[in-house]
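# What the coordinates show
Residue strings, one per chain:
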Amino acid sequence: MSVLVCDLGFSSAKWMYEDRKGRIISAFRYDGDNLMVGEEALLSSGSSYLKTMEELVRFYPEFVGHCFKAAKAEGTVTLAVGLPFSYWQDQNKPGGAVPALAKALSGALVTDVAIFPQGLGGLRDYLDNVEERPEGNVLGIDIGFNTIIFTLFSPQKRQIIYGKTLNKRGVHQMATSYLLPRIKDLAPSGTFTPVEIAFLIEKGYLQYGFERHDVRREISDAGVAYIEHILRDVQGELQAHVGMHADFDRVLLFGGGAALLKDGFPAKNIEVIVLPVPEFANARGFRSLAGGM
């Protein structure tokens, strides 16, 4: 049975099917009674990015449908999707959003629906490809557009020790607080919408009329400074909630935010690993987890 992964986040839906993969921008727009998502939704005014968990869950079936089409999936599939860790943990119960979403995503072409906590996928992807299973704990940090999900995991016990979703963090905060001050002389307007920030990060340049300014170095520097800040915050969260058990031997960075670190992360006194093609790490892990069901 083939596995189709559709990992929807606040910036894009990452899909994987067999040897193919792609992304669909998490934008939507109503045109009368019709709902448009992805690039099509950005073609005219009135589009919006997904901003809340309620929107994420409500529009998940629509994005899964677009993932089916983009992947050109054939026959029946096992569908693997993800939700932010804290929300998944709170809602994975009878009557909660997780079973309700599984029911909404079921259909004639979907034999099984697996809903995983985002963050766990990246950890699974790393453990699938490491030569020797680490003895100490591993801290996974999934840096999305509007969220940061951190997961402290014990490879030996094969269990999550602690995890949490930090809302209103991630690439958007990095851009507004760390990147825009670095390029303010190049940005006459001084402000950007979330859609414009996403495109700026994606393209790596600013263009006004006939002038184009390469800002890839500024994006990388902002990413390093922001992740150093996040590591301190996550360490404080772990100390407050886990105490003496909050130790870890290595940190795994993945998600769209980690993709900004083209030259890696300058680790100091702890091993920090940016996973390969980090924006698809969760999707790769979900495919592995669903394939073993």
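Report follows, based on the coordinates. The model shown is predicted, which means the values in this text are computed figures rather than measured ones.

Glancing now at the pairing of strand β11 (residues 159–167). By the bridge criterion, eight bridges tie strand β10 (residues 147–154) to β11 in an arrangement that is antiparallel. Bridging across to β11, I149 finds its partner in T165. Where β10 hands over to β11, the hairpin turn is made up of four residues, of which R158 adopts a positive phi near 55°.

A few words now on the sheet that holds strand β2 (residues 12–17). Spatial strand order, β3-β2-β1-β7-β8: five strands in an open sheet with mixed pairing. With partners counted over all chains shown, the strands left at the sheet margins are β3 (20–25) and β8 (110–118), one partner each. The average undirected angle you get between the axes of adjacent strands in this sheet is 20°. With five bridges connecting them, strand β1 (residues 2–8) and β2 associate as antiparallel partners. If you follow C6 over to β2, its bridge partner there is W15. Its contacts with the sheet put helix α1 (residues 53–71) on β1, β2, β3, β7 (77–84) and β8, and the angle it makes with β7 is roughly 145°. Set on the sheet, helix α3 (residues 97–105) makes contact with β7 and β8; between it and β8 the angle comes to about 145°.

What counts, and at which threshold
Numbers given for residues are sequential positions, taken from 1 along each chain in its written order. pLDDT decides what is reported in this predicted model: residues at 70 or higher carry local features, side-chain atom pairs at 80 or more are listed and counted, and totals for whole chains, interfaces and linings draw on all residues regardless. Hydrogens and water are ignored here; the side-chain numbers use all heavy atoms of the structure. At least two DSSP bridges between two strands are needed for those strands to be called paired. Put simply, DSSP H or I for four residues or longer makes a helix, DSSP E for two residues or longer makes a strand, and each gets a number counted from the N terminus. To define axes, lines are fitted to C-alpha atoms, for helices over the stretch in contact only, and angles between the resulting N-to-C directions are given on a 0 to 180 degree scale. Every residue pair with non-hydrogen atoms within 4.5 Å of one another is taken to be in contact.

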